[in-house]
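Examining the three-dimensional arrangement
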Amino acid sequence: MTNKQAPPPAIPRPKVNRLFWIFQIFGWASYGVIDTYMWYDTSGRFSTKFILAGLFTYLAGFTATLILRYFFKRMNLVRISFASLIPRLLFYSVLGSLIWFGLDTIISFPLWGYDFMRQYAASFSTAMWVGMALMDILIMFSWCGAYVGFIYILEWRNEYERAEMAELLVSSSQLQMLRYQLNPHFLFNSLSSLRTLIREDAPRAELMLSKISELLRYTLANHSSEEVSVGKEFDVIQDYFD
């Protein structure tokens with residue numbers, strides 16, 4: 001009987017999680033550096049407040065996307081149709097941008113104080129606020145798209161590996177079933193020939209019986225072996241024709 005083994009996953013789960021955290025940390029760290037540079041002090045030097053502001057924005061976005069990941073992990077993304085997936089990505093992009101803005105405001109409040117934040121908010125026009133909101137949504141949509149694409153690639157790779165393993169198992173099972181079908185037929189014909197040969201030529205019948213025994217012993221000993229030497233196979237074929 002063929003020993004069937006469950007196909008191993010293409011990428012182990014711990015490695016998948018490690019890849020996610022590498023991309024998550026590196027991506028948001030890069031954004032934090034860019035955001036800090038955009039807050040560059042007019043004096044030409046980086047002040048502590050601007051560096052902390054960039055760090056807080058990075059931490060807020062990092063946390064917001066972890067919250068989105070929690071929601072995504074509760075959905076079977078690969079089973080959702082493309083037409084249904086896009087509206088969900090848009091919804092979660094808006095939700096993520098709101099969470100991001102809320103967290104950034106909360107953790108930045110002790111740094112800037114109420115008066116500065118009120119004056120800062122008043123200095124922006126409605127069009128500027130809309131533009132910043134759309135930029136945040138675009139960033140979140142890019143993250144959602146990258147995350148969903150990452151899941152799709154992993155699932156495609158796993159499906160490919162499982163399909164390959166299933167095909168190998170089917171081929172092995174078919175070969176084993178053919179062997180079980182051929183062995184009884186071969187044994188029946190050999191015994192019939194041996195019975196006739198015993199009456200006509202006893203020494204030759206004894207030699208034939210030895211050859212049959214060797215062939216059956218080889219079949220039983222090597223039916224599950226994946227590698228057999230060419231010389232051994234040649235000897236068995238020669239015994240078969242003898």
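Since the model is a prediction, treat every value here as computed from it, not as a measurement.

Side note on the overall build of the chain
- Each helix and strand counted, the chain has seven helices and zero strands in total.
- When the helices and strands of the chain are placed in sequence order, the string is α-α-α-α-α-α-α.
- Partitioning the intrachain contacts of the chain with sequence separation of at least 6 by distance along the chain shows that 75% fall at a separation of at least 24.
- Carbon and sulfur atoms provide 66% of the accessible area of the chain, an area that totals close to 17,200 Å².

Let's talk about the nonpolar core
- Trp28, Leu68, Phe72, Leu77 and Trp143 are the most contacted members of the largest nonpolar core, which has 20 residues in total.
- For this core, the elements supplying multiple residues, two or more each, are α1 (13-38), α2 (48-73), α3 (82-112) and α5 (126-200).
- Not counting residues up to four positions away in its chain, the partners in contact with Trp143 are Phe20, Gln24, Trp28, Thr65, Leu68, Arg69 and Phe72.
- Grouped together as the second largest cluster of nonpolar side chains are five residues, Phe50, Ala53, Phe56 and Leu111 included.

Topic: the packing of aromatic side chains
- Applying the stated criterion across every chain yields a total of 15 aromatic pairs.
- Between the aromatic rings of Trp28 and Trp100, the centroid separation amounts to 5.2 Å while the plane-to-plane angle is 80 degrees, which identifies the pairing as edge-to-face. Here Trp100 lies in helix α3 and Trp28 lies in helix α1, a separation of 72 residues in the sequence.
- Take Trp100: its relative accessible area is 4%, and that puts it in the buried class.
- Three or more aromatic residues joined by ring pairs form one cluster here, namely Phe20, Trp21, Tyr58, Phe62, Tyr70, Phe71, Phe72, Phe91, Tyr92, Trp143 and Tyr147.
- A cation sits over an aromatic face here: Arg69 above Phe20, 3.8 Å from the ring centre.

Brief notes about the packing of α3 against helix α4 (residues 114-122)
- One can describe the packing of α3 onto α4 by two numbers: an axis separation of 7 Å at closest approach and a directional angle of 115 degrees. Across the interface between the two elements, Thr105, Ser108, Phe109 and Trp112 from α3 touch Tyr114, Phe116 and Met117 from α4.

Structural notes on the confidence of the model for the chain
- Residues of the chain with pLDDT of at least 70 account for 70%, and the chain-wide mean is 75.
- The least confident element of the chain is helix α7 (residues 230-241), whose mean pLDDT is 55; the most confident is α3, at 89.
- A low-confidence stretch, residues 1-10 (pLDDT under 50), is modelled with 14 contacts involving residues beyond four sequence positions or located in other chains.

Some thoughts on the environment of Arg195
- Within the secondary structure layout, Arg195 lies in helix α5.
- Overall, the relative accessible area of 54% leaves Arg195 in the exposed class.
- Linking Arg195 and Ala205, residues ten residues apart in sequence, is a C-alpha distance of 8.2 Å.

Points about the packing of α2 against α3
- Direction vectors running N to C along α2 and α3 enclose 145 degrees, while the axes themselves pass 8 Å from each other. The way α2 lies across α3 gives a crossing that is right-handed.

Remarks on a nonpolar patch on the surface
- A cluster of nonpolar side chains, namely Leu55, Leu59, Ile106 and Ile107, defines an oily patch on the protein surface of about 330 Å² accessible area.
- Going through the elements one at a time, α2 and α3 are the ones with two or more residues in the nonpolar patch.
- Position of Ile107 among the secondary structure elements: in helix α3.

About the cut-offs
- Residues numbered from 1 in each chain as written.
- Predicted model: local features only at pLDDT ≥ 70, side-chain atom pairs only at ≥ 80, totals over all residues.
- Heavy atoms only, no water.
- Helix = DSSP H or I, 4+ residues; strand = E, 2+ residues; numbered from the N terminus.
- Contact = heavy atoms within 4.5 Å.
- Areas by Shrake-Rupley, 256 points an atom, 1.4 Å probe, with all protein chains shown as cover.
- Core = buried A, V, L, I, M, F, W, Y, C linked by side-chain atoms within 4.5 Å.
- Buried < 20%, exposed > 50% of the residue type's maximum accessible area, 1.4 Å probe, protein only.
- Phe/Tyr/Trp six-rings, centres within 6.5 Å; stacked < 30°, edge-to-face > 60°.
- Lys NZ or Arg CZ within 6 Å of the ring centre and 35° of its normal.
- Axes fitted to C-alpha atoms, helices over the stretch in contact; angles between N-to-C directions.
- pLDDT = per-residue confidence, 0-100.
- Left-handed = near helix turned anticlockwise from the far one by under 90°.
- Patch = residues over 30% accessible without salt bridge, like charges linked within 9 Å, V, L, I, M, F, W, Y side chains within 5 Å.
- Salt bridge = Lys/Arg side-chain N within 4 Å of Asp/Glu carboxyl O.

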